[in-house]
Amino acid sequence: MPPDVRVRCLERARSCVGVPFRLHGRTPDYGLDCAGLVAFSLGIEGIPTGYAMRGMRDSDFAAKMRAAGLARTSQRPEPGDILVLSAGPAQHHLGIWTGAGLIHADARLRRVVDLPGPPPWPLQSVWHLP
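Residues numbered from 1 in each chain as written. Predicted model: local features only at pLDDT ≥ 70, side-chain atom pairs only at ≥ 80, totals over all residues. Heavy atoms only, no water.

What about the overall build of the protein?
Moving on, step 1. A tally of helices and strands in the protein yields three helices and eight strands.
Moving on, step 2. When the helices and strands of the protein are placed in sequence order, the string is α-β-β-α-α-β-β-β-β-β-β.
Moving on, step 3. Taken over the C-alpha trace, the protein has a radius of gyration of 13 Å; the compact-globule value for 130 residues is 14 Å, and the two agree within 12%.
Moving on, step 4. The C-alpha extent of the protein, read off along each of the three principal axes, is 35 × 30 × 25 Å.
Moving on, step 5. Taken over 130 residues, the protein has a buried fraction of 46%. (Helix = DSSP H or I, 4+ residues; strand = E, 2+ residues; numbered from the N terminus. Rg over C-alpha atoms; globule rule 2.2 N^0.38 Å. Buried < 20%, exposed > 50% of the residue type's maximum accessible area, 1.4 Å probe, protein only.)

Concerning the sheet that holds strand β4 (residues 82-88)
Moving on, step 1. What the six strands build is an open sheet, ordered β3-β8-β4-β5-β6-β7; its pairing is antiparallel. The open sheet terminates on both sides in strands that have one partner only, identified here as β3 (71-73) and β7 (111-116). Within the sheet, the average angular offset between the axes of one strand and its neighbour, ignoring direction, is 35°.
Moving on, step 2. Looking at chain direction, strand β6 (residues 101-106) and β7 are connected through six bridges and run antiparallel. What sits directly across from Ile-103, in β7, is Asp-114. (Pairing = 2+ DSSP bridges. Axes fitted to C-alpha atoms, helices over the stretch in contact; angles between N-to-C directions.)

Points about unusual backbone geometry
Negative phi is the rule for most residues except glycine; trans is the rule for most peptide bonds.
Moving on, step 1. Although it is not a glycine, His-24 sits at a positive phi angle of roughly 70°.
Moving on, step 2. Inspection of the secondary structure puts His-24 in the loop between α1 (3-15) and β1 (26-27).
Moving on, step 3. According to the relative accessible area criterion, His-24 is partly exposed, its value standing at 26%.

Notes on helix α3 (residues 58-67)
Residues spaced three or four apart along an α-helix face the same direction, because each turn holds 3.6 residues.
Moving on, step 1. The complete set of buried residues in α3 reads Phe-61, Ala-62 and Met-65. Looking straight down α3, one finds that the buried residues subtend no more than 100° of arc, so they occupy a single side.
Moving on, step 2. If you follow the buried residues of α3, they end up packed against β4, β5 (91-97) and β8 (123-128).
Moving on, step 3. A positive phi of about 95° marks Gly-69, the residue just after α3. (Arc of directions from axis to C-beta. Contact = heavy atoms within 4.5 Å.)

Some points on the packing of aromatic side chains
What describes a pair of aromatic rings is the distance from one ring centre to the other and the angle between the planes of the rings.
Moving on, step 1. Tallied over the entire structure, the rule returns zero aromatic pairs.
Moving on, step 2. Here Arg-12 stacks its cationic end above the ring of Phe-40, 4.0 Å away from the centre of that ring. (Phe/Tyr/Trp six-rings, centres within 6.5 Å; stacked < 30°, edge-to-face > 60°. Lys NZ or Arg CZ within 6 Å of the ring centre and 35° of its normal.)

Thoughts on the pattern of salt bridges
Moving on, step 1. The tally for this structure, following the rule as stated, stands at three salt bridges.
Moving on, step 2. One salt bridge connects Glu-78 with Arg-6, and the closest N-O pair in it is separated by 3.7 Å. Separated by 72 residues along the polypeptide, Glu-78 in the loop between β3 and β4 and Arg-6 in helix α1 bring together distant segments of the chain.
Moving on, step 3. You can call Glu-78 partly exposed: its relative accessible area is 33%.
Moving on, step 4. By relative accessible area, which is 11% here, Arg-6 ends up buried.
Moving on, step 5. A network of salt bridges, in which partner residues are shared, links Arg-6, Glu-78 and Asp-81. (Salt bridge = Lys/Arg side-chain N within 4 Å of Asp/Glu carboxyl O.)

Listed below in structure tokens is the structure:
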């Protein structure tokens, strides 16, 4: 992802810290879930919506990410990359890597947070805008 896209993504994500969590939320005014945070931060549409919290197969999820214009990378995450984390069986969680932590919509805390350190869930894949 070009450096300016990464910087803009992080700036927009940081501007959302404190925004209320809302399942299927796609704007900071309404509230955001993890997919809405990523879509808003990257300025894209097409990130999956209308889904259950659990149950989407990995291959279906990856297809939806590609359809939204994102590309999977095998490299170490860089600031501004999108992390897909395994929050539970068939439960995907998205966050934006800052280089020192993860900005994500936390359903338990009911808001978008900037979590320092490594993500608390296993890393499944890393994505970015090509």
